[in-house]
Amino acid sequence: LLSGLPVIGTDTRENRQAIDRENGILIRDDPESFCEGLEQLFSRLRRYQPGRIREKAEKFHWRNIIPRLRRYLHNLYP
C-alpha cells in the first residue's frame with residue numbers, strides 16, 4: 001500500500017482497517033478466493049489511483065506508528 005500498489009488481503013479485522021475498494025481486495029483464506037481476488041483486482045486495475053493509495057496508507061508507515069506506540073507504552077509504563 002505504501003508503494004501505491006493495490007493489494008489482496010485475507011479478510012481479517014485488522015486488514016479491514018487498511019484495505020477497502022479504493023486500494024485492494026479482501027478475500028477468504030483459500031486458493032479459490034485468491035483466484036477470484038486476482039480476477040477482481042485485474043478488472044478494477046484502471047480504477048486504482050497510486051497517489052490516493054499511498055496517501056491513505058501513510059498512517060501505517062513506521063514513522064507514524066512509532067510515536068503512537070511510544071505514547072501507548074508510556075501510558076502503560078510511566
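Residues numbered from 1 in each chain as written. Predicted model: local features only at pLDDT ≥ 70, side-chain atom pairs only at ≥ 80, totals over all residues. Heavy atoms only, no water.

Q: What's the story with the overall build of the protein in this structure? I'm lost.
A: Each helix and strand counted, the protein has 4 helices and 2 strands in total. Starting at the N terminus and walking to the C terminus, you meet the elements of the protein as β-α-β-α-α-α. Across its three principal directions, the C-alpha atoms of the protein cover 50 × 30 × 15 Å. Taken over 78 residues, the protein has a buried fraction of 21%. Counting only carbon and sulfur atoms, one obtains 55% of the accessible surface of the protein, whose full area is about 6,200 Å². Between the centroid of the 15 positive side chains of the protein and the centroid of its 11 negative side chains there is a distance of 9 Å. (Helix = DSSP H or I, 4+ residues; strand = E, 2+ residues; numbered from the N terminus. Buried < 20%, exposed > 50% of the residue type's maximum accessible area, 1.4 Å probe, protein only. Areas by Shrake-Rupley, 256 points an atom, 1.4 Å probe, with all protein chains shown as cover. Lys, Arg positive; Asp, Glu negative; His and termini not counted. Charge placed at Lys NZ, Arg CZ, Asp CG, Glu CD.)

Q: Any chance you could explain the side chain of R44 here in plain terms?
A: By the element assignment, R44 lies in helix α2 (residues 31-44). Here R44 is buried and forms no salt bridge, its nearest opposite-charge partner D20 lying at an N-O distance of 8.3 Å. (Salt bridge = Lys/Arg side-chain N within 4 Å of Asp/Glu carboxyl O.)

Q: Could you clarify how one ought to interpret the pattern of salt bridges in this entry?
A: Any two side chains of opposite charge can pair, so long as their charged atoms come close to each other. Overall, the coordinates contain 8 salt bridges when judged by the stated rule. Here D11 ties to R16 by a salt bridge, and the two come within 2.6 Å at their closest N and O atoms. E22 is paired through a salt bridge with R52; the nearest N and O atoms lie 3.2 Å apart. Of this pair, E22 sits in the loop between α1 (13-18) and β2 (24-27) while R52 sits in helix α3 (residues 50-57); the two residues are 30 residues apart in sequence, bridging distant segments of the chain. A relative accessible area of 39% places E22 in the partly exposed class. Overall, the relative accessible area of 33% leaves R52 in the partly exposed class. If you follow the salt bridges from partner to partner, you end up with D20, E22, R52, E55 and K56 in one network.

Q: Would you mind going over the side chain of N23 with me for this structure?
A: Relative to the helices and strands, N23 resides in the loop between α1 and β2. Of note is the side chain of N23, whose polar atom sits 2.8 Å from the backbone oxygen of A18. Leave out the neighbours within four places in its chain, and N23 touches L1, L5, P6, V7, A18, Y48 and I53. (Polar contact = N/O pair within 3.5 Å; in protein donor to acceptor, adjacent residues only side chain to side chain. Contact = heavy atoms within 4.5 Å.)

Q: How do you make sense of the environment of K59 when you look at a structure like this?
A: For K59, the position within the fold is in the loop between α3 and α4 (62-76). For the pair K59 and R28, spaced 31 residues apart in the sequence, the C-alpha separation amounts to 25 Å. Once you skip the residues sitting within four places of it in the chain, K59 turns out to touch N64, I65 and R68.

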